[in-house]
Amino acid sequence: MGIAERKKRHKEEIRASILEAAWQLVVQDGWQALSIRKIAEAIEYSVPVIYDHFANKEAILLELTRQGFRKLNDALIKARDKATSPEEQVEAMAYAYWKFAFDNTAYYQVMYGLGIPSCETVNQISELSTFSELILQPIKELIASGKHPETDPFLKLHTFWSMLHGLISINMMGTGESKEDLNQMVLKDFIRGFISGMKA
């Protein structure tokens, strides 16, 4: 292995260790408490070394967000592929989204730390575009087969995303009191109403 290859590998290893340390700190203390200084201390490098790899803390959080959406997309694809009709696909992906949020709470909180990602964030993270397309595909099919083919699929995507995220957020900010039965009823009611609204 030449000097250039060794340098490249070393740089990649440091970058991976920065992300791993950042992730451990996020899990331990929450994404709001993350700092470049804490990451540097965790990997026993100086602060300038971190800045050699990432412009700032936000760039590190953006990479963790990217990883989170990659994981979410994998879960959505698995759920979608087990369903046949667009109705079943929407329902399966809604439940997969819900499960992902509570199985990966730290990732979810990083992904939505500042609310639903903006158009600018979507442009920076290709995984977000993939997420949108996964949900849009069965929504478009439902609209096409319904009585209102002029319905805006992007509006329906935003409705789907907002309702799910809102219910999840309410639960994540809760007092720890379990309301699993109620959550499932609300989730089922939302999915049923969402699907029938596009078919009606």
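Above this text is the structure in question.
1. Some thoughts on the overall build of the chain
So, point 1. Looking only at helices and strands, one finds ten helices and zero strands in the chain.
So, point 2. Along its sequence from the N terminus, the chain presents helices and strands in the succession α-α-α-α-α-α-α-α-α-α.
So, point 3. Here the C-alpha coordinates of the chain stretch approximately 65 × 45 × 30 Å along the principal axes.
So, point 4. Counting over 200 residues, the chain shows a buried share of 39%.
So, point 5. By sequence separation, contacts in the chain at least 24 residues apart represent 69% of the contacts at least 6 residues apart.
So, point 6. Accessible surface, the chain as shown: approximately 11400 Å² in total, 54% of it carbon and sulfur.
So, point 7. Counting 23 positive and 26 negative side-chain charges, the chain places the centres of these two groups 2 Å from one another.

2. Comments concerning helix α9 (residues 153-172)
Along an α-helix, a turn takes 3.6 residues, which lines up residues three or four apart on a common side.
So, point 1. Under the 1.5 Å per step criterion, the end-to-end length of α9 is 28 Å for 20 residues, consistent within 8% with the ideal 28 Å.
So, point 2. The complete set of buried residues in α9 reads P153, L157, F160, W161, L164, H165, L167, I168 and S169.
So, point 3. N-capping of α9 is provided by D152, with a side-chain oxygen placed 2.9 Å from the backbone N of F154.

3. Comments concerning the environment of A83
So, point 1. Mapped onto the elements, A83 comes out in the loop between α4 (57-81) and α5 (86-103).
So, point 2. A relative accessible area of 13% places A83 in the buried class.
So, point 3. Along the chain, A83 and Q109 lie 26 residues apart, while their C-alpha atoms are 28 Å from each other.
So, point 4. Leaving out residues up to four positions away in the same chain, A83 has contacts with E88, Q89 and A92.

4. Observations regarding the nonpolar core
So, point 1. I39, I60, L64, L76 and Y97 are the most contacted members of the largest nonpolar core, which has 58 residues in total.
So, point 2. Residues in contact with L76, not counting those within four places in the same chain, are M93, A96, Y97, F131, L134 and I135.

5. With respect to α4
So, point 1. The end-to-end C-alpha separation of α4 is 36 Å, in line with the 36 Å expected for 25 residues at 1.5 Å each.
So, point 2. A side-chain oxygen of the first residue of α4 lies 3.2 Å from the backbone nitrogen of E58; this N-cap is N56.

6. Focus: the side chain of R66
So, point 1. With respect to the helices and strands, the residue R66 is situated in helix α4.
So, point 2. Within polar-contact distance, the side chain of R66 engages the side chain of E63 at 2.7 Å.
So, point 3. Apart from the residues lying within four places of it in its own chain, the contact partners of R66 are Q124, I125 and E127.

7. Some thoughts on the pattern of salt bridges
So, point 1. The final tally for this structure, using the stated rule, is seven salt bridges.
So, point 2. The partner of R66 in a salt bridge is E127, and the shortest N-O contact between them spans 3.6 Å. Of this pair, R66 sits in helix α4 while E127 sits in helix α8 (residues 126-145), and the two are 61 residues apart along the sequence.
So, point 3. On the accessibility criterion, R66 (18% relative accessible area) is buried.
So, point 4. Each of R15, E63, R66, R70 and E127 takes part in one network of salt bridges that share partners.

8. Structural notes on the side chain of H53
So, point 1. For H53, the location among the structural elements is in helix α3 (residues 47-53).
So, point 2. Taking the relative accessible area as the measure of exposure, H53 reaches 18% and is therefore buried.
So, point 3. A distance of 3.4 Å separates the side chain of H53 from the backbone oxygen of K11, its partner in a polar contact.
So, point 4. Residues in contact with H53, not counting those within four places in the same chain, are K11, I14, R15 and I18.

Rules behind the numbers
- Residues numbered from 1 in each chain as written.
- Predicted model: local features only at pLDDT ≥ 70, side-chain atom pairs only at ≥ 80, totals over all residues.
- Heavy atoms only, no water.
- Helix = DSSP H or I, 4+ residues; strand = E, 2+ residues; numbered from the N terminus.
- Buried < 20%, exposed > 50% of the residue type's maximum accessible area, 1.4 Å probe, protein only.
- Contact = heavy atoms within 4.5 Å.
- Areas by Shrake-Rupley, 256 points an atom, 1.4 Å probe, with all protein chains shown as cover.
- Lys, Arg positive; Asp, Glu negative; His and termini not counted.
- Charge placed at Lys NZ, Arg CZ, Asp CG, Glu CD.
- Expected span 1.5 Å × (residues − 1).
- Polar contact = N/O pair within 3.5 Å; in protein donor to acceptor, adjacent residues only side chain to side chain.
- Core = buried A, V, L, I, M, F, W, Y, C linked by side-chain atoms within 4.5 Å.
- Salt bridge = Lys/Arg side-chain N within 4 Å of Asp/Glu carboxyl O.

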